[in-house]
Amino acid sequence: MPKPIHDAAVREAPAHDAPGHAAPPALEITDLWAGYGEQDVLRGIDLKLAPRSIVALIGANGAGKSTLLRTISGLIRPRRGAVRLYGEDVAGLPPHRIVARGFVQSPEGKQLFLDMSIRENLLVGAQNRRARERREETLDEVFDLFPILRERQALNACTLSGGQQQMVAVGRALMALPRVLALDEPSLGLAPIMVDRLFESIARIRERDLTILIIEQNVFQVLEMADHGYVLENGVVTLSGTGQELLADDHLRASYLGL
Ligand SMILES: Nc1ncnc2c1ncn2[C@@H]1O[C@H](COP(=O)(O)OP(=O)(O)OP(=O)(O)O)[C@@H](O)[C@H]1O
Ligand SMILES: [Mg+2]
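The following paragraphs examine the structure supplied in this document. (Residues numbered from 1 in each chain as written. Chains lettered and ligands numbered in written order. Predicted model: local features only at pLDDT ≥ 70, side-chain atom pairs only at ≥ 80, totals over all residues.)

### Thoughts on the nonpolar core
If you look at the biggest cluster of nonpolar residues, it comprises 69 residues, and the most contacted ones within it are Val 168, Val 180, Leu 181, Ile 212, Leu 213 and Ile 214. Looking at which element gives the most residues to this core, the answer is helix H7 (residues 162-175), with seven residues. (Core = buried A, V, L, I, M, F, W, Y, C linked by C-beta atoms within 7 Å. Buried ≥ 20, exposed ≤ 12 C-beta atoms within 10 Å, placed from the backbone. Helix = DSSP H or I, 4+ residues; strand = E, 2+ residues; numbered from the N terminus.)

### Notes on helix H1 (residues 65-73)
Of all nine residues in H1, seven are buried; the element is thus mostly enclosed. All of the buried residues in H1 are Lys 65, Thr 67, Leu 68, Leu 69, Arg 70, Thr 71 and Ile 72.

### Considerations on the pairing of strand S9 (residues 228-233)
Here four bridges tie strand S3 (residues 54-58) to S9, and the two strands are oriented parallel to one another. From the neighbouring strand, Ala 56 faces S9, where its bridge partner is Gly 229. The sheet contact formed by S9 and strand S10 (residues 236-242) spans six bridges and is antiparallel. In the sheet register, Val 231 faces S10, and the bridge partner there is Leu 239. Taken together, S9 and the strand that follows it, S10, pair antiparallel across an intervening segment of two residues, in which Asn 234 is found at a positive phi of about 50°. (Pairing = 2+ DSSP bridges.)

### A word on the site of ligand 1
Looking at ligand 1, the residues that line it are Tyr 36, Val 41, Gly 59, Asn 61, Gly 62, Ala 63, Gly 64, Lys 65, Ser 66, Thr 67 and Glu 108. Ranked by residues supplied to the shell around ligand 1, first place goes to H1 with three residues. A class-by-class count of the residues in the shell around ligand 1 yields three nonpolar, six polar and two charged. (Near = placed C-beta within 6 Å. Nonpolar A, V, L, I, M, F, W, Y, C, P; charged D, E, K, R; others polar.)

### Describing the sheet that holds strand S4 (residues 80-85)
Pairing between sheet strands relies on hydrogen bonds along the backbone, with the strands arranged either parallel or antiparallel. With antiparallel pairing, the four strands of this open sheet are ordered in space as S2-S1-S4-S5. At either margin of the open sheet sits one strand with a lone partner, and together these are strand S2 (39-49) and strand S5 (88-89). Bridge analysis of strand S1 (residues 27-36) against S4 gives five bridges, and the strand direction is antiparallel. Note that in S4 the partner of Thr 30 across the bridge is Ala 82.

### Here's the deal with the packing of helix H5 (residues 135-145) against H7
In contact at an axis separation of 10 Å, H5 and H7 are set at 145° when each is read in the N-to-C sense. Every pair of crossing elements has a handedness; the one defined by H5 and H7 is right-handed. Every residue of H7 that contacts H5 at Arg 135, Thr 138, Leu 139 and Val 142 is listed here: Gly 171, Leu 174 and Met 175. Counted by class, the contact of H5 with H7 contains four nonpolar, two polar and one charged residues. (Axes fitted to C-alpha atoms, helices over the stretch in contact; angles between N-to-C directions. Left-handed = near helix turned anticlockwise from the far one by under 90°. Contact = placed C-beta atoms within 7 Å.)

### What about the sheet that holds S9?
Across the sheet, six strands lie side by side as S6-S7-S8-S3-S9-S10; this open sheet has mixed pairing. Two strands bound the open sheet, and with one partner strand each, they are strand S6 (103-106) and S10. Neighbour-to-neighbour, the strand axes of the sheet open up by a mean angle of 20°, direction not taken into account. Across the face of the sheet, H7 comes into contact with S6 and strand S7 (180-184) while running at roughly 170° to S6.

### Concerning the pairing of S4
Pairing geometry for S4 and S5, over two bridges, is antiparallel. Pairing of Leu 85 across the sheet is with Glu 88, part of S5. Between S4 and S5, which pair antiparallel and follow one another directly, the connecting turn spans two residues, one of which, Tyr 86, has a positive phi of 45°.

### As for H7
Given 3.6 residues per turn, any residue in an α-helix points the same way as the ones three and four places further on. Over its 14 residues, H7 extends 20 Å from the first C-alpha to the last, a length consistent with the 20 Å expected when each residue adds 1.5 Å. Counting buried positions along H7 gives 11 out of 14 residues, so the element sits mostly inside the fold. Every buried residue belonging to H7 is among Gln 165, Gln 166, Met 167, Val 168, Ala 169, Val 170, Gly 171, Arg 172, Ala 173, Leu 174 and Met 175, and all of these are buried. (Expected span 1.5 Å × (residues − 1).)

Below, the structure written as structure tokens:
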């Protein structure tokens, strides 16, 4: 087992593991509504992630997947509903406080600083006080996960391939010491061999006591790996189940796998 990427004992969030009480979900979303201007995009989302699970979020273009991550992150203010991280409602908190409480996303399109070094890009993730104090240690762990980044750390991010840039984006999110890591289409634009490698890395990240919420267009591959999946259509969850249950579902197979 690799060592955990963070030390649970230094968490800021309250402990909920008193004897006799079931541990709360890592992330629990209840009746979440949000949108842009007057337009509602999310229309009553319910979602639950068990600690240390990998959960896939599937949906067509425009379904509201990225909007959901932005809302959980505090970048969009929810109109209604609760977002609980390990039992603590974080809805309406500013983004930096939500990161400090452990929800960190690697956003759609990577959003790297291409004219800064790989190392500098990774350090951008370690803004909160706890992450800053441990940043050299975490950096070492990220380099263990993605050795090519250790080799090239002094080079500008623009010198990397798309797949390597995605490693930087995931590594930067890990630098913030997430408890729940959200990945928004990490495999977008990657060659199939790089997608396989990325999925192997994600499976390895799971061994580090993290909960992962992953948005993916590689529906078959992600559901093979995921413990649980949700299908989002027009801002509503229309289907959920274990990865295997979803892969056996006729609607999912017809709509997302073309079978
Ligand atoms: N900044 C914005 N301002 C206004 N409308 C937006 C904005 N961003 C997204 N939308 C709209 O919200 C809806 C959901 O978009 P969102 O990006 O969440 O979808 P998505 O499921 O992530 O899609 P994709 O698979 O293409 O990434 C779409 O109708 C989109 O046009
Ligand atoms: Mg999106």
